[in-house]
Structures are given as structure tokens and as C-alpha cells.
Amino acid sequence: MSESRAIAGGVMPGYPEPLWVQAANLIRGEIDAGVLKRGARLTPERELCEQLGISRVTLRRALRQLVEEGVLSASHGRGWYITKAASKKEWPNRLESFSETAARMGLRTHSTIVRAESSAASFDEAEQFSIAPGTALFRLERVRFLEGVPTALDLTIIPLGLVPDIAEVDFAVRSLYATLTAAGIEPARADSTIEAGKADERTARLLRIEVGDPLLIMWQLALGERREPLFVSTIQYVGERYRLRTSFTR
């Protein structure tokens, strides 16, 4: 059985992500790109540590995470092997909440509520949801924290009729996705648009950044199994505190 090739690049100590998360992302990225072949044995730990510029303790935490994701398998006394099947937990093919993404990466998260209120749908909102103008919508706006650092401003809008008692939920401790699941609502897919932006005065204050600082803005329309609109989210990520990662193949 062949052994994998060297990994290009190393971790960046100045990045907000923990070193083991960066290491896991680098290895996963090389596998996704086909540089590291499925079924091959991963480079020995000592060489990986040198290539990535990290300690063996940090490396092993990254490798254990990849085992949990199904990317690697461990063989006692023989090393680490790249699984032949593609991982089922890769982003962005899997629709996950902010909390689920953080948990998968081993990061702590919490939220503070900016507003949780009901109001009438505008004409544009009614068109998005295929409902009548004036229909009640629930608006949930939260500041999302990673490892205690404000990372994103998340505004989600959902027709109140889908979850009539949603206003009674404490979303400082409760997941929106868990609330929808409990109500029998399961988003099947999301159409997303990502663009660059700059923080206005309100956003800067809530995220504790400067006015004009760069933002990564994601707009999502979540759809059910029959492609019915479920909710719309606008998430403004602090540019220097969050990265979205994907892979392209040809």
C-alpha cells in the first residue's frame, strides 16, 4: 500500500483558529484535492510535525478529529490511513448551523440576543417566502461568539406560522435548528450568496470592531424537501475572525 505525499504549507500561529484545527483543515484539504490519495498511509507523525510546524500533541488532536469525521482511520502500530470513502461531514455540501459547525471544529460558542420579535412581512419579504404581504414574521438577531470572541451578527427571519410559539424560546441557550426540528421542520438545502462588505456603525458596535472593517456576508434561503421557503438568514462575519473553506476539483 502506498504512502501519502508531503503536505504543502503549514499552520499560522497568528490565525484565530486553534493550531490543531488549522492542521486538520490542511490535511483534509490535501485529501479533497487529491494530493493525498485515498487508501494511502499518511506521512509519519514526525514528518507531519515538521511539515506543519506543530507539536506531536497538537498533531494527534487534529488526527483524532479527522478520524471522528471519517477522513482517517488509525491502525495500531502502523500509523494513520486515509479512508477510501469520502467524508460525510465536509463543508459546504452539508447544511449545518453555526453551532454545529463550531462543535465539529471543537470550538466553544454562545450567543447574545439583539432582538427577537414579530412584525409584518414587507412586499419583498412576502415574495421571498411566497406569502401575503403583512403576514407575521419572526425576526431573530444574535451576536454569535466563538471562544468568547464576537464573530458574526446573525439575522434570521421565519414565518411565525411555521412555529407559532417560537417567541417563547430563549435562543441565548437554545439552537434555532433544534427548535425547528422539534417542530417537525427540517431544512433540506440552502441557496447561498457570499459577498464582501464593510461594517456600519451598528454592526461595528455589536461586533466590537471599527466602522468600515471588512465583513464576509452570507445570505441564505433555507428550503424544505418540497423546496418550500423556510427561513432567510443574513450572517455578517468579521473578516479577520472567520474563514469559509471549500475545495475545487477538475
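Structure first, text after, so check above.
Our subject in this report is the structure included herewith.

Some details on helix 2 (residues 45-52)
Reasoning step 1: Of the positions making up helix 2, those classed as buried are Glu45, Leu48, Cys49 and Leu52. The buried residues of helix 2 occupy an angular sector of 100° when projected down its axis, which confines them to one face.
Reasoning step 2: In this structure, the buried side of helix 2 is in contact with helix 1 (19-32), helix 3 (56-68) and strand 2 (79-82).

Some thoughts on the sheet that holds strand 4 (residues 136-146)
One key point about sheets: their strands pair by backbone hydrogen bonds, in either a parallel or an antiparallel sense.
Reasoning step 1: Spatially, 3-4-5-8-7-6 is the arrangement adopted by the 6 strands of the open sheet, whose pairing is antiparallel. Only two strands of the sheet have a single neighbouring strand rather than two, namely strand 3 (109-120) and strand 6 (189-198). Averaged over all pairs of adjacent strands, the angle between their axes in this sheet comes to 15°, without regard to strand direction.
Reasoning step 2: As defined by bridge partners, strand 6 adjoins strand 7 (residues 214-223) across 10 bridges and the pair is classed as antiparallel. Paired with Lys198 across the two strands is Pro214, which belongs to strand 7.

Concerning the packing of aromatic side chains
Reasoning step 1: As enumerated under the stated definition, the model contains 2 aromatic pairs in all.
Reasoning step 2: With a centroid separation of 6.3 Å and an interplanar angle of 40°, the aromatic rings of Phe138 and Phe171 are classed as tilted. In this pair, Phe138 is assigned in strand 4 and Phe171 in the loop between strand 5 (149-159) and helix 6 (176-182), connecting sequence segments 33 residues apart.
Reasoning step 3: Owing to a relative accessible area of 3%, Phe171 belongs among the buried residues under this scheme.

Let's talk about the environment of Pro164
Reasoning step 1: Topologically, Pro164 is positioned in the loop between strand 5 and helix 6.
Reasoning step 2: Counting along the chain gives 26 residues from Pro164 to Phe138, while the straight-line C-alpha distance between them is 9.3 Å.

Let's talk about the packing of helix 2 against helix 3
Reasoning step 1: It is the contact of helix 2 with helix 3, at a shortest axis distance of 10 Å, that shows an interaxial angle of 100°. Relative to helix 3, helix 2 is oriented roughly perpendicular. Contact residues: helix 2 offers Glu45, Arg46, Leu48, Cys49 and Leu52, while helix 3 offers Arg56, Leu59, Arg60 and Leu63.

A short note on the nonpolar core
Reasoning step 1: Of all hydrophobic cores here, the largest spans 20 residues; its most connected members are Ile27, Ile31, Leu42, Leu59, Leu63 and Leu72.
Reasoning step 2: Ignoring anything within four residues of it in the chain, the contact list for Ile31 reads Leu36, Arg38, Val71, Leu72 and Ile82.
Reasoning step 3: In this structure, Leu160, Leu176, Leu180 and Ile185 belong to the second largest nonpolar core, which totals 14 residues.

What to know about unusual backbone geometry
Reasoning step 1: With a phi angle near 50°, Glu147 is a residue other than glycine that sits in the positive phi range.
Reasoning step 2: With respect to the element layout, Glu147 can be found in the loop between strand 4 and strand 5.
Reasoning step 3: The residue Arg208 is not glycine, and still its phi comes out positive at about 60°.
Reasoning step 4: Assignment of secondary structure puts Arg208 in the loop between helix 7 (201-207) and strand 7.

What counts and how
Residues numbered from 1 in each chain as written. Predicted model: local features only at pLDDT ≥ 70, side-chain atom pairs only at ≥ 80, totals over all residues. Heavy atoms only, no water. Buried < 20%, exposed > 50% of the residue type's maximum accessible area, 1.4 Å probe, protein only. Helix = DSSP H or I, 4+ residues; strand = E, 2+ residues; numbered from the N terminus. Arc of directions from axis to C-beta. Contact = heavy atoms within 4.5 Å. Pairing = 2+ DSSP bridges. Axes fitted to C-alpha atoms, helices over the stretch in contact; angles between N-to-C directions. Phe/Tyr/Trp six-rings, centres within 6.5 Å; stacked < 30°, edge-to-face > 60°. Parallel < 35°, antiparallel > 145°, perpendicular 65-115°, else oblique. Core = buried A, V, L, I, M, F, W, Y, C linked by side-chain atoms within 4.5 Å.

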